[in-house]
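One-letter residues, chain by chain:
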Amino acid sequence: ILWNVSNNYSINTYAVFTRSRGASDSLNMTPDYRGKLLFNRKTDFAIGARGTWYIRDRFHFLHELNFALRKDGAQDPAQMVKMSLAPTLVPNGKRDVWSRPHFRLVYSVARYNQFAADNLYSPYLAQTGSKRWGHYFGVKTEWWIW
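Keep in mind that what you see is a predicted model, and the values were worked out from it rather than measured. (Residues numbered from 1 in each chain as written. Predicted model: local features only at pLDDT ≥ 70, side-chain atom pairs only at ≥ 80, totals over all residues. Heavy atoms only, no water.)

Colleague: Could you give an account of the overall build of the chain, naming the residues involved and the relevant values?
Modeller: Counting its secondary structure elements, the chain contains two helices and nine strands. When the elements of the chain are put in sequence order from the N terminus, they spell out β-β-β-β-β-β-β-β-α-α-β. Against the 2.2 N^0.38 benchmark of 15 Å for 146 residues, the chain shows a C-alpha radius of gyration of 19 Å, more extended than a compact globule. Taken along the three principal axes of its C-alpha coordinates, the chain extends 55 × 30 × 25 Å. By the burial criterion, 29% of the 146 residues in the chain qualify as buried. Counting only contacts in the chain whose residues sit at least 6 apart along the sequence, the fraction spanning at least 24 positions is 53%. For the chain, the exposed area adds up to about 9500 Å²; of that, 61% sits on carbon and sulfur atoms. (Helix = DSSP H or I, 4+ residues; strand = E, 2+ residues; numbered from the N terminus. Rg over C-alpha atoms; globule rule 2.2 N^0.38 Å. Buried < 20%, exposed > 50% of the residue type's maximum accessible area, 1.4 Å probe, protein only. Contact = heavy atoms within 4.5 Å. Areas by Shrake-Rupley, 256 points an atom, 1.4 Å probe, with all protein chains shown as cover.)

So, in structure tokens, the structure goes:
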């Protein structure tokens with residue numbers, strides 16, 4: 001859902017739910033055709049909101065808060081809450097969430113539940129090891145190709 005609150009602010013909200021199950025009768029792990037054990041049932045859920053503050057025509061400030069959950073088989077769910085802040089340069093000067101290109105400086109902080117931390121349920125945790133908190137700094141660019 002996109003709501004353009006004013007000429008100075010917009011907010012997007014979103015939710016995604018996916019539940020999948022393979023052909024096996026198992027509700028947890030089952031072997032594939034090579035004998036490798038895989039989860040036969042998965043559930044993913046995410047909900048969040050992203051605000052865009054149009055500080056100037058060419059400078060926007062994005063901020064986002066989201067919650068994500070993943071449950072594989074009969075395991076406990078892995079959960080994460082993340083907040084991101086992203087000052088954004090918009091060369092074409094349009095006050096629109098769909099305006100591109102975007103050049104962003106991004107800072108995110110995430111909190112993982114104990115199961116996610118212990119089982120390294122994110123690329124960040126796979127690199128840094130088991131932690132309850134994650135911090136991300138980066139630069140992103142995005143544009144449409146047509």
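Colleague: Mind laying out the pattern of salt bridges, listing which residues take part and the relevant values?
Modeller: The full count for this structure, using the stated rule, is six salt bridges. We note a salt bridge from Glu142 to Arg100, for which the minimum N-O separation is 2.8 Å. Remark: Arg100 occurs in the loop between strand S7 (78-89) and strand S8 (102-112) and Glu142 occurs in strand S9 (residues 133-142); sequence separation between them is 42 residues. (Salt bridge = Lys/Arg side-chain N within 4 Å of Asp/Glu carboxyl O.)

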